[in-house]
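Read off the chains here:
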Amino acid sequence: MCIRDRYQRRVRGVEMVMKALALALIVLVSLVYGEIPRACSTSDTDKFPFCNPNLDLDSRLKDLISRISDADKPKLLTARSSPNNNIPSLGVPEYDWGANCVHGVQSRCGTRCPTSFPNPNALGATWNMSLVYDMGQVIGIELRALWLEGAGENRPDNLPHVGLDCWSPNININRDPRWGRNVEVATEDPYIGGLYGSAYTRGLQEGKLDKRFLQAVVTLKHWAAYSLENYGNVTRHNFNAIVNAYDLANTYFPAFKTSVIDGNAKGIMCSYNALNGIPTCASQFLNTTLRGDWKFDGYVTSDSGAVADIYTQHKYVPDAERAAAVALKGGTDINSGGVYESALLKSLADGYVSESDINLALYRTFKLRFQLGLFDPIDDQPYWHVPPTAVNTPESQALNLLATRQSMVLLKNDKNTLPFPKGKKVAVVGPHFNATGVLLGNYLGQVCPKSPGDTSCMTSMLEAISAANANGVVIGAEGCSVTGSSTNGFAEAIALAKAADYVILALGLDGAVESEGKDRYS
């Protein structure tokens with residue numbers, strides 16, 4: 001064998017080794033980051049007409065739906081059913097409906113942790129809708145990056161990776177201070193709520209990288225007249241809101257209307273409660289007002305368990321089969337819960353729903369997946385190539401700081417007390433004097449990379465004031481807890497306050513007093 005032949009064999013051997021190493025690296029990356037499966041990506045599946053990007057969207061959708069078996073349909077209309085809602089024979093990958101992005105992507109960390117913006121009740125105090133739009137832009141691009149890395153929802157039940165639809169914003173009306181979810185809502189005013197919802201929607205959905213596709217999908221919540229968790233013997237699951245036509249039009253619908261018409265919102269979440277005797281996820285308002293009068297062309301999901309509430313709590317129908325039917329025909333495309341998966345086919349067999357009812361929900365939901373670019377070639381799609389470094393950038397942190405500063409409200413500054421001079425003795429007193437995680441609110445993405453619940457990378461109020469007070473002294477005491485009636489800490493707190501030049505009170509509620517599912521009583 002000549003030297004040249006031996007050289008070529010060695011080259012081929014090296015090439016084979018390099019290819020094997022490359023394949024191993026790809027597999028390793030997939031295992032570590034949860035590589036997102038793609039539609040129309042194999043020679044066996046890309047021949048289907050629905051994979052042809054040159055066809056019009058309507059034709060592609062109808063072709064795809066015509067090929068889906070009845071057995072596969074319920075899981076495609078069920079939120080958080082990933083990874084079990086794929087169809088290998090058609091090359092249709094799983095998809096997870098159900099991310100939350102109330103003030104940042106509520107996911108675990110990827111290479112970086114998602115940016116956590118101020119809570120909406122603080123954002124409402126900024127009166128700055130361009131800032132809300134910019135926040136939506138950041139959340140949308142971070143969602144794309146974290147989705148590509150396979151980051152899961154930041155929940156203890158270890159749900160699969162996030163999808164590209166955000167169950168946000170909450171644009172209900174914040175008028176009763178006892179409501180447990182006031183922290184999620186920007187305003188008590190329907191007009192401002194509409195501006196907020198529209199700005200958030202446009203920021204999240206209208207990305208800058210590729211105008212052909214949606215950056216992400218907004219899901220406005222909670223439709224409608226929802227502002228009670230549990231009070232007395234009534235809970236959000238069995239509450240029947242009695243609202244006249246004037247109050248619906250003047251108070252409860254405007255924020256949704258503006259967000260749909262001006263913001264072009266592509267998603268709505270129906271709520272747990274009933275409205276004038278009809279569970280909202282079964283109400284024809286979804287079809288008449290939302291899709292009819294406002295020309296909404298997106299999808300509707302139930303809140304988690306709300307379809308089951310139709311028969312278990314509201315007693316509107318006697319069983320799951322008929323609950324699935326009234327929800328689907330009422331306009332609820334996605335069921336967050338188990339009713340569609342367990343009862344929809346029986347409902348079809350018993351004649352409560354038709355094949356066309358089910359296919360219409362599939363059409364609406366798959367349409368969004370196509371509009372996200374999930375069924376088109378990815379080589380020229382920037383959203384398929386968003387790097388992990390797009391998360392928690394210096395620019396997003398600067399925007400976060402701006403939002404935080406603009407959210408602060410100075411009620412008065414007698415005798416020009418502020419700003420405090422440096423070098424003095426400052427006492428920080430109150431239940432949140434050294435708090436970290438509780439200051440971030442709810443619907444929270446992972447903040448520190450160590451573990452989902454870790455907040456050790458955060459700076460507390462006591463630590464921040466100590467760092468800012470150069471050549472001074474900063475002391476702190478809890479004084480009292482958020483709950484309970486103990487006065488044991490009063491003496492220490494009072495003594496520190498008397499010995500200080502300045503006193504900063506770190507007061508406020510936390511989730512022990514009010515939260516989702518829990519209204520406060522005073």
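Residues numbered from 1 in each chain as written. Predicted model: local features only at pLDDT ≥ 70, side-chain atom pairs only at ≥ 80, totals over all residues. Heavy atoms only, no water.

1. Topic: the overall build of the chain
Then, number 1: Per the secondary structure count, the chain includes 16 helices and 13 strands.
Then, number 2: Here the C-alpha atoms of the chain give a radius of gyration of 26 Å, agreeing with the 24 Å that 2.2 N^0.38 yields for 522 residues.
Then, number 3: Principal axes of the C-alpha set define a box for the chain whose edges measure 85 × 80 × 35 Å.
Then, number 4: For the chain, the proportion of contacts with a sequence separation of at least 24, taken over those separated by at least 6, is 76%.
Then, number 5: Accessible surface, the chain: about 23,800 Å² in total, of which carbon and sulfur atoms supply 56%.
Then, number 6: Across the chain, 48 positive and 52 negative side-chain charges occur, with their mean positions spaced 4 Å apart. (Helix = DSSP H or I, 4+ residues; strand = E, 2+ residues; numbered from the N terminus. Rg over C-alpha atoms; globule rule 2.2 N^0.38 Å. Contact = heavy atoms within 4.5 Å. Areas by Shrake-Rupley, 256 points an atom, 1.4 Å probe, with all protein chains shown as cover. Lys, Arg positive; Asp, Glu negative; His and termini not counted. Charge placed at Lys NZ, Arg CZ, Asp CG, Glu CD.)

2. With respect to the packing of aromatic side chains
Then, number 1: Per the counting criterion, the structure on display carries 15 aromatic pairs.
Then, number 2: When the centroid spacing of 5.2 Å and the interplanar angle of 65° are considered together, the rings of tryptophan 147 and tryptophan 384 count as edge-to-face. Of the two residues, tryptophan 147 is situated in helix α5 (residues 129–148) and tryptophan 384 in the loop between α13 (355–371) and α14 (394–407); the sequence distance between them amounts to 237 residues. Take tryptophan 147 and tryptophan 384: they sit in the same class, and that class is buried.
Then, number 3: Consider the rings of tryptophan 179 and tyrosine 226, whose centres lie 5.9 Å apart with planes at 90°: the pair is edge-to-face. Here tryptophan 179, found in the loop between β1 (165–166) and α6 (190–205), pairs with tyrosine 226, found in the loop between β3 (220–223) and β4 (230–231); they are 47 residues apart in sequence, far enough to count as distant. (Phe/Tyr/Trp six-rings, centres within 6.5 Å; stacked < 30°, edge-to-face > 60°. Buried < 20%, exposed > 50% of the residue type's maximum accessible area, 1.4 Å probe, protein only.)

3. Brief notes about the nonpolar core
Then, number 1: Judged by nonpolar contacts, the single largest core of 109 residues is most densely connected at Phe50, Leu64, Trp223, Ile268, Leu290, Phe366 and Phe375.
Then, number 2: At 12 residues, α5 tops the list of elements feeding residues into this core.
Then, number 3: Setting aside chain neighbours within four positions, we find phenylalanine 366 in contact with Leu61, Leu64, Ile68, Leu76, Val92 and Phe375. (Core = buried A, V, L, I, M, F, W, Y, C linked by side-chain atoms within 4.5 Å.)

4. Here's the deal with helix α2 (residues 57–67)
Then, number 1: Inspection of α2 places Arg60, Leu61, Asp63, Leu64 and Ile65 among the buried residues, and these make up the whole buried set.
Then, number 2: Against α13 lie the buried residues of α2.
Then, number 3: Two or three places before aspartate 58, at the start of α2, stands the capping residue aspartate 56, its side-chain oxygen 3.3 Å from that residue's backbone nitrogen. (Polar contact = N/O pair within 3.5 Å; in protein donor to acceptor, adjacent residues only side chain to side chain.)

5. Considering the sheet that holds strand β8 (residues 274–275)
Hydrogen bonds between backbone groups are what pair the strands of a sheet, and the pairing can be parallel or antiparallel.
Then, number 1: Ordered by their spatial adjacency, 3 strands build an open sheet running β6-β8-β9, and the pairing between neighbours is mixed. Edge positions in the sheet fall to β6 (240–241) and β9 (278–279), since each of these pairs with one other strand and no more. (Pairing = 2+ DSSP bridges.)

6. What to know about the confidence of the model for the chain
Then, number 1: Averaged over all residues, the pLDDT of the chain equals 92, while 93% of them reach at least 70.
Then, number 2: Across residues 1–34 the pLDDT falls below 50, and counting only partners more than four positions away or on other chains, this stretch makes 12 contacts in the model. (pLDDT = per-residue confidence, 0-100.)

7. Some thoughts on empty space enclosed by the protein
Then, number 1: Enumeration over the complete set of coordinates arrives at 3 cavities of 30 Å³ or more.
Then, number 2: Every residue lining the largest cavity is counted, 13 residues in all, and those nearest its centre are Pro37, Pro93, Glu94, Trp147 and Leu374.
Then, number 3: A breakdown of the residues in the lining of the largest cavity according to their chemical character gives 9 nonpolar, 1 polar and 3 charged. (1 Å grid on protein atoms, 1.4 Å probe; cavity = no way out; pocket = protein on both sides within 12 Å on 5 of 7 lines; lining within 4 Å. Points joined across faces, edges and corners; volume = space filled by probe spheres on them. Nonpolar A, V, L, I, M, F, W, Y, C, P; charged D, E, K, R; others polar.)

8. A short note on the state of the cysteines
Then, number 1: Per the stated rule, a full pass over the model turns up 5 disulfides.
Then, number 2: A disulfide bridge connects cysteine 40 with cysteine 51, and the sulfur atoms are separated by 2.0 Å. Linking cysteine 40 and cysteine 51, the disulfide has an S-S dihedral of approximately -80° and is accordingly described as left-handed. One end of the pair, cysteine 40, is in the loop between α1 (3–33) and α2; the other, cysteine 51, is in the loop between α1 and α2, and 11 residues separate them in sequence. Grouping residues by exposure puts cysteine 40 and cysteine 51 together as buried. (Disulfide = S-S within 2.5 Å.)

9. Observations concerning the packing of α6 against helix α8 (residues 254–261)
Then, number 1: For the pair α6 and α8, interaxial distance at closest approach is 7 Å and the crossing angle is 30°. Considering the angle they form, α6 stands roughly parallel to α8. Relative to α8, the crossing made by α6 is right-handed. The segment α6 lies against α8, with Pro190, Gly193, Gly194, Leu195, Gly197, Ser198 and Thr201 engaging Pro254, Ala255, Thr258 and Ser259.
Then, number 2: The class makeup of the residues in the contact of α6 with α8 is 4 nonpolar, 7 polar and no charged. (Axes fitted to C-alpha atoms, helices over the stretch in contact; angles between N-to-C directions. Parallel < 35°, antiparallel > 145°, perpendicular 65-115°, else oblique. Left-handed = near helix turned anticlockwise from the far one by under 90°.)

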